[in-house]
Amino acid sequence: MNVVLRGVRGSLPSPRPATARYGGNTSCVEVRAEPGCVTVLDAGTGIRAIDGKASELHRVDVLLTHLHMDHILGLGFFRALYQPGLEVHLWGPPSATQSLHARLTRYLSPPLFPVRLRDLPCRLELHDAPRGRFELPGLSVTADLVCHPGPTLGYRLEGEHGGVLAYISDHEPALGTGAVDGPAGWTSGYALARGADVLIHDAQFTDDEYPSHVGWGHSSVGHAIAFAELAGVGRLVPFHHDPDHEDQALDAIYATAGRGRSIAVAPAREGDELSIGPA
Amino acid sequence: MGQQPVELILLKQVAGYLATPMFLVDAGGKLLYYNEPAEELLGHRYEETSQMPLEEWGTIFSPTDSLGRPMPPEDLPLARALAGREPSQGNFFIRGLDGVARHLSVTAVPLEGPGGTHLGALAIFWALPRR
């Protein structure tokens, strides 16, 4: 499967010269596993960079981890939604009380947004993502709830021809313990990430910043690395960078973060491309 | 290795912080966790306990009713909450594994996740004065 990081920033779009190398768009990852289909992980502002022309596509799946604004802010600007007849599926976390449609239309309706979901010209279907395994073109997907305020999913994508990508964009596995040191069975997100070739994982805070942000739903860089090691992944891609962490700060953080660890650590940069599984 | 649902992971963490005794089982009735305040009532450390099935934790503490009659495991509030998927409450006596008899009030609630997923049940203990 081919993966492009379209938005790697957490919380708030933060485009400015000082964030130009890592990027300022919020969470969005493009996955292509089958010709004519695209799977999109989250709909942050990075989604605008995905070409959604109907002439090239016949199906689009958008997998939302949760409905915090930084993960849906780009949805109304996703070109695929405006392609007449294009099959678009939106998947999101289940709620105990409201449908995904009801929750999304709080944002995608006036006065917050001029276009209503029902007025979109694509063939739109909304789904509560099942907690477990389901199939998309070229991919077997597993969704599960992870530790973050409000219902929040992580996803595990297994390519039909091999390769595993785990995507846990907003995640605080250290909540309550202050560390990610197992046991694995009591660690949020472990089953999603276990043995993945690539793990894209929340690393919003530095280890020094984390103690004053406990309960905010995010990981420190150290926790992300410890989680990746516990899960035995091949490569960690720290993601959801704090909007205040400019390029120089991220360079400094990751100059030493992965040193001496058992896994490869390469922080997410907007526009990075990854090939996972057989070429 | 499997992983517990995040709801149970978070509940375990909350229970770990509270001074209220709590006892957590999965949907099949298997003991998953009890916190330190519960350890004091049960007379046994959780870390020294295996993941007991209902039949074991329902008898190992020798629960008896107010007349001293043994209570079958299925009559315990936690077992009733689990089976009936509705809250259950009861007062009864146990003998902790430290040999001390205790009078408990127990309130148990079933745990349901999004979409009605049956996750297990949680019991909250309260020590009552000996009679």
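Okay, so let's go over this structure.

**What about the nonpolar core?**
Counting 37 residues, the largest nonpolar core has Phe23, Leu24, Trp57, Leu78 and Phe125 of chain B as its most contacted members. In terms of residues, this core owes the most to one element, strand E5 (residues 118–128) of chain B, which gives five residues. Other than its neighbours up to four places away in sequence, Leu24 of chain B contacts Trp186 of chain A together with Leu8, Leu11, Lys12, Lys30, Leu31, Leu32, Tyr33, Leu111, Ala121 and Leu122 of chain B.

**A word on the packing of aromatic side chains**
The description of two aromatic rings rests on the distance between their centres and on the angle between their planes. Considering all chains together, one arrives at ten aromatic pairs over all chains under this definition. Ring geometry for Tyr33 of chain B and Tyr46 of chain B: centres 5.1 Å apart, planes at 75°, overall edge-to-face. Residue Tyr33 of chain B is located in strand E2 (residues 31–34), and its partner Tyr46 of chain B is located in the loop between helix H2 (36–42) and helix H3 (54–60); the two are separated by 13 residues in the primary sequence. Overall, Tyr33 of chain B belongs to the buried group, its relative accessible area being 12%. By way of ring pairs, the aromatic residues Phe23, Tyr33, Tyr34, Tyr46, Trp57 and Phe125 of chain B are connected into one cluster. Cation over ring: Arg269 of chain A sits above Tyr22 of chain A, and NZ or CZ is 4.4 Å from the ring centre. Sitting over the ring of Trp186 of chain A, Lys12 of chain B keeps its end group 4.7 Å from the ring centre.

**Some points on the pairing of E5 of chain B**
Residues and elements named next belong to chain B. Inspection of the sheet shows strand E1 (residues 22–26) paired to E5 by five bridges, in the antiparallel sense. Each bridged residue has a counterpart across the sheet, and for Phe23 the counterpart in E5 is Ala123. As paired strands, strand E4 (residues 101–112) and E5 are joined by ten bridges and run antiparallel to one another. Within E5, the residue paired with Leu111 across the bridge is Gly120. Linking E4 to E5, which pair antiparallel, is a turn of five residues; within it Gly115 sits at a positive phi near 75°.

**Some remarks on the pattern of salt bridges**
All names here are of chain A. Within the structure shown, the criterion is met by 17 salt bridges over all chains. Salt-bridge contacts for Asp61 lead to Arg59; the nearest nitrogen and oxygen are separated by 2.7 Å. This pair shows no difference in class: Asp61 is buried, exactly as Arg59 is. Residue Glu229 pairs with Arg261 through a salt bridge whose shortest N-O separation is 2.8 Å. Remark: Arg261 occurs in the loop between helix H5 (247–256) and strand E13 (264–265) and Glu229 occurs in helix H4 (residues 221–231); sequence separation between them is 32 residues. Classification of Glu229 as partly exposed rests on a relative accessible area of 27%.

**Section: empty space enclosed by the protein**
Leftover empty space is mapped by rolling, across the atoms, a probe with the size of a water molecule. All names here are of chain B. Here the structure, examined in full by the defined rule, presents two cavities of 30 Å³ or more. Estimates place the volume of the largest cavity at around 170 Å³. Among the secondary structure elements, those contributing two or more residues to the lining of the largest cavity are H3, helix H4 (77–84), strand E3 (88–95), E4 and E5. Taken together, the residues of the lining of the largest cavity break down into 14 nonpolar, one polar and no charged. Estimates place the volume of the second largest cavity at around 30 Å³.

**As for the sheet that holds strand E4 (residues 59–63) of chain A**
Residue and element names in this part refer to chain A. Strand order across the open sheet formed by seven strands is E6-E5-E4-E3-E2-E1-E14, with mixed pairing between neighbours. On the outer flanks of this sheet lie strand E6 (123–128) and strand E14 (273–275), each paired with one strand and no other. Looking at each pair of strands side by side, their axes are set apart by 20° on average, direction ignored. Pairing analysis gives five bridges linking E4 to strand E5 (residues 87–92), with the strands arranged parallel. In the strand pairing of E5, Val62 is matched with Leu90.

**So, H4 of chain B**
All names here are of chain B. By the burial criterion, the buried members of H4 are Pro77, Leu78, Ala79, Ala81 and Leu82. Among the structural elements, E1, H3, E3, E4 and E5 are those in contact with the buried residues of H4. Phi turns positive, to about 55°, at Arg85, one or two residues after H4.

**Describing the interface of chain A and chain B**
Residue-level contacts link 20 residues of chain A with 17 residues of chain B. Here chain A meets chain B over a buried area of about 1,500 Å², counting both sides, of which 59% is carbon and sulfur. Of all residues in chain A, Arg131, Gly185 and Trp186 of chain A give up the largest surface area on contact with chain B, accounting jointly for 44% of the area buried on that side. For the pair chain A and chain B, the interface holds one salt bridge. The shortest N-O distance in the salt bridge between Glu7 of chain B and Arg131 of chain A comes to 2.8 Å. Inspection of the region where chain A meets chain B yields seven residue pairs in polar contact (both at pLDDT 80 or more).

**Some details on the layout of surface pockets**
All names here are of chain B. The computed volume of the largest pocket comes to approximately 440 Å³. At the level of elements, helix H1 (6–17), E2 and H2 are the ones that each hand at least two residues to the lining of the largest pocket. Split by residue class, the lining of the largest pocket holds twelve nonpolar, six polar and six charged.

So, how was this worked out
- Residue positions are given per chain, counting from 1 as you read along its sequence in written order.
- All chains are assigned letters beginning at A, and all ligands numbers beginning at 1, according to the order in which they are written.
- The model is predicted, so local features are restricted to residues of pLDDT at least 70 and side-chain atom pairs to those at 80 or more, both for listing and for counting; the totals for chains, interfaces and linings are taken over all residues.
- Hydrogens and water molecules were not included; the side-chain quantities draw on all heavy atoms of the structure.
- Nonpolar core, defined: a set of buried Ala, Val, Leu, Ile, Met, Phe, Trp, Tyr and Cys residues in which side-chain atoms within 4.5 Å join the residues together.
- Exposure is judged per residue with a 1.4 Å probe applied to protein chains only, and the accessible area is read against the type maximum: over 50% gives exposed, under 20% gives buried, and values in between give partly exposed.
- Numbering of helices and strands runs from the N terminus, with a helix taken as a DSSP run of H or I at least four residues long and a strand as a DSSP run of E at least two residues long.
- Should any heavy atoms of two residues lie within 4.5 Å, those residues are counted as being in contact.
- For this analysis, a ring pair means two rings from Phe, Tyr or Trp (six-membered ring only for Trp) whose centres lie within 6.5 Å, classed as stacked if their planes differ by under 30 degrees, edge-to-face if by over 60, and tilted for the remaining angles.
- Think of it as a cone above the ring: NZ of Lys or CZ of Arg counts as a charge over the ring if it is within 6 Å of the ring centre and within 35 degrees of the ring normal.
- Strands are labelled as partners when DSSP assigns at least two bridges between them.
- The rule for a salt bridge is simple: a side-chain nitrogen of Lys or Arg has to be within 4 Å of a carboxyl oxygen of Asp or Glu.
- Whether a set of points on the 1 Å grid over the protein atoms alone is a cavity depends on a 1.4 Å probe fitting there but being unable to get out, while an open set qualifies as a pocket with protein on both sides within 12 Å along at least five of seven lines; lining residues are those with an atom within 4 Å of a point.
- Grid points are joined across faces, edges and corners, and a volume is the space filled by probe spheres set on the points.
- Amino acid classes used here: Ala, Val, Leu, Ile, Met, Phe, Trp, Tyr, Cys and Pro are nonpolar; Asp, Glu, Lys and Arg are charged; the rest, including Gly, are polar.
- Inter-axis angles, ranging from 0 to 180 degrees, are taken between N-to-C directions of lines fitted to C-alpha atoms, where helices are fitted over the stretch in contact.
- Buried area is understood as the total, over both parts, of accessible area removed when two parts are fitted together, assessed with a 1.4 Å probe.
- Pairs of N or O atoms are called polar contacts if they sit within 3.5 Å, as long as, within protein, a hydrogen donor faces a hydrogen acceptor (for residues adjacent in sequence, only side-chain-to-side-chain pairs).

Structural measurements only, silent on function.
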